[in-house]
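# A look at the structure
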Amino acid sequence: MFPKPRADLKPNTYEFETQPLVSPSGFREYDARWLYPEQINLNGVQALGLGLGTLIHEMGVRPAIAVGQDYRSYSVSIKQALIIGLMRAGCEVHDIGLALSPVAYFSQFALDVPCVAMVTASHNENGWTGVKMGAQRPLTFGPDEMGRVKEIVLSGAFKEREGGKYIQVTDMAQRYIADLTNRPKISRKLRVVAACGNGTAGYFAPKVLEGIGAEVIPLDCSLDYTFPNYNPNPEDMEMLHALRDKVLAEGADVGLGFDGDGDRCGVVDNTGEEIFADKVGVMLARDLSARFPNAQFVVDVKSTGLFLTDPVLIANGAKTDYWKTGHSYIKRRAHELNALVGFEKSGHYFFNPPIGRGYDDGLVSAIAICDMLDRNPGKKMSELREALPKTWGSPTMSPFCPDEVKYEVVERMVKLFTDMKAKGETILGQKIRDLVTVNGVRVVLEDGTWGLVRASSNKPGLVVVVESPVSEANMRGIFGEIDKRLSANPEVGAYDQKI
């Protein structure tokens, strides 16, 4: 019998080497993330694999699973421990090796296996590890499945079975690249900076972009798991600024930045302007809704209000549904509504057929951006951006808040703004026009200025985003009003970045 995991083991002890350590806080809404080895050890990862395999059998899904890992110094060890647990649960494991998350999702189709487990902490800093899981391609687990995995693992309710099998797949990277580049070349001569932050995408992105006919200028594309330049996260201004500087120095047409596991893409235009991913989404929605009239889109609650108000989208008959932030939520919602694309402000884009297979892939997003430019040969990326109605928006800002209390703090904010609206109280001299509470609280004022507070799904922190279609002053003003109320909670700490 595999022992029941504990949360109180200390490194460099007999118990740590012989017992599974699994911190409950690592089980998040739609994937799992832990600090390694402080919050999970290799025996704990084996327990996770055994728990995941137990759930796969419980769901009645064929127990065949593709498993890959990102490029960190410890990811191979994590993957091997996970595989041992999966095999003990009676799963047929297809080890695809070093991969992006979208390579792992692609392999479910290429290998015709229903399940996936991708060892990655995505854009989290070094020291973090995690697993993105799924058993119904192209979807990944949501709160129900993650809750059940957590229950099985922490209670030790494992079921070991015969039939475990290991299959090594050595060519999945090549098959993935061939799949994306087996298409007509773009006709426009595009010079593209590809920034990868020395993460896993550094192996894939230049090959794919060159394969569709772009001239690629690589930036930090050599794989280095110490991340010597900056963390590979296209939402962090440090990465975007490095990308901007390279675009300007090279006179490139566009800069594309990829996160640690390659499922997101950040954009800098030819003038060096950083375009937040929700605005890029509006640009892509304009381009695609012209080709697919009356297109349905899904966006997360952190995204710009332009998806509802943009005159081009309205003229093209496009419809947009605002939904919960999180790659699993938007992926699932886009699948349910048969949306053409799901867009997240974080840069996760979910292209459904005929463009993609429904999962988030930063390189499919990059190709869509290149195709948009190819279909507008007389316009620069900056001109497509400038054609959008002007709004003033913030990056994603994250004040620290412990995992144990972050949802309670958000509920306090929901109640506070709900009470304000009921009483007719004002913010910036305006009444609250609307409250969106599917995921935290999005406070919309009469002039369309809005601010969002929600709990981070993958780190101990909150998420704050603000935007105004009227002025920078109103954008900064609503941030000040939200920050003032948030800071009154003693559990809320310092921000990672602020406007």
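See the structure shown above.
Everything in this summary refers to the structure shown in the same document. (Residues numbered from 1 in each chain as written. Predicted model: local features only at pLDDT ≥ 70, side-chain atom pairs only at ≥ 80, totals over all residues. Heavy atoms only, no water.)

At a minimum axis distance of 11 Å, the contact between helix H15 (residues 406-423) and helix H16 (residues 472-487) shows a crossing angle of 125°. Relative to H16, the element H15 is oriented oblique. Pair H15 / H16 crosses with right-handed handedness. Contacts from Val409, Met413, Leu416, Phe417 and Met420 in H15 reach Ile482, Arg485 and Leu486 in H16. (Axes fitted to C-alpha atoms, helices over the stretch in contact; angles between N-to-C directions. Helix = DSSP H or I, 4+ residues; strand = E, 2+ residues; numbered from the N terminus. Parallel < 35°, antiparallel > 145°, perpendicular 65-115°, else oblique. Left-handed = near helix turned anticlockwise from the far one by under 90°. Contact = heavy atoms within 4.5 Å.)

Here we come to the sheet that holds strand S11 (residues 274-275). Taken together, 5 strands build an open sheet; the order of strands is S8-S7-S9-S10-S11 and the sheet is mixed. What marks the edges here is a single partner per strand, and that holds for strand S8 (215-219) and S11. The pairing of strand S7 (residues 191-195) with strand S9 (residues 254-258) spans 4 bridges and is parallel. By the bridge assignment, Ala194 is partnered in S9 with Leu256. In the packing of helix H13 (residues 362-374) onto the sheet, the strands contacted are S7, S9 and strand S10 (265-269), and the crossing angle to S9 comes to about 170°. (Pairing = 2+ DSSP bridges.)

Another point: empty space enclosed by the protein. Summed over the entire model, instances satisfying the criterion amount to 3 cavities of 30 Å³ or more. Within this model, the largest cavity holds a volume of roughly 140 Å³. Every residue lining the largest cavity is counted, 16 residues in all, and those nearest its centre are Pro234, Glu235, Phe276, Ala277 and Lys345. Here the lining of the largest cavity is composed, by residue class, of 8 nonpolar, 4 polar and 4 charged. (1 Å grid on protein atoms, 1.4 Å probe; cavity = no way out; pocket = protein on both sides within 12 Å on 5 of 7 lines; lining within 4 Å. Points joined across faces, edges and corners; volume = space filled by probe spheres on them. Nonpolar A, V, L, I, M, F, W, Y, C, P; charged D, E, K, R; others polar.)

With that settled, consider the sheet that holds strand S5 (residues 128-134). Across the sheet, which stays open at both edges, the 6 strands sit in the order S1-S5-S4-S2-S3-S6 with mixed pairing between neighbours. The open sheet has two free edges, formed respectively by strand S1 (32-35) and strand S6 (165-168), since each of these has just one partner strand. Taking each pair of neighbouring strands and ignoring which way they run, the sheet shows an average axis angle of 20°. When strand S3 (residues 92-98) meets S6, the two strands line up parallel, connected through 4 bridges.

This next bit is on the pattern of salt bridges. This structure, assessed with the given rule, holds 39 salt bridges. A salt bridge links Glu160 to Arg88; the nearest nitrogen and oxygen atoms lie 2.9 Å apart. Placement of the pair is Glu160 in the loop between helix H5 (143-155) and S6 and Arg88 in helix H3 (residues 75-88), with a sequence separation of 72 residues. We classify Arg88 as partly exposed; its relative accessible area is 28%. One salt-bridge network, held together by shared partners, links Arg191, Glu215, Lys246 and Glu250. (Salt bridge = Lys/Arg side-chain N within 4 Å of Asp/Glu carboxyl O. Buried < 20%, exposed > 50% of the residue type's maximum accessible area, 1.4 Å probe, protein only.)

With that settled, the discussion passes to the environment of Asn294. In this fold, Asn294 is placed in the loop between helix H9 (277-291) and strand S12 (296-300). C-alpha separation for the pair Asn294 and Pro228, spaced 66 residues apart in sequence, amounts to 46 Å. Those residues in contact with Asn294 that sit more than four places away from it in its chain are Asn316, Gly317, Ala318 and Lys319.

With that settled, the discussion passes to H15. With 18 residues, H15 ought to run about 26 Å at 1.5 Å a step, and its terminal C-alpha atoms sit 26 Å apart, in line with that. Those residues of H15 that fall on the buried side of the exposure criterion are Lys406, Val409, Val410, Met413, Val414, Phe417 and Met420. Seen along its axis, H15 keeps its buried residues to an arc of 145°; they face one direction. In H15, the exposed positions angled more than 90 degrees off the buried face are occupied by Glu411, Lys415, Ala422 and Lys423. Positioned one or two residues after H15, Gly424 has a phi angle of 75°, which is positive. (Expected span 1.5 Å × (residues − 1). Arc of directions from axis to C-beta.)

The subject of this paragraph is the environment of Val192. When you line up the elements, Val192 lands in strand S7. Residues Val192 and Asp269, spaced 77 residues apart in sequence, show a C-alpha to C-alpha distance of 10.0 Å. Beyond its immediate sequence surroundings of up to four residues, Val192 is in contact with Leu209, Ala214, Glu215, Val216, Ile217, Val254, Leu256 and Cys370.

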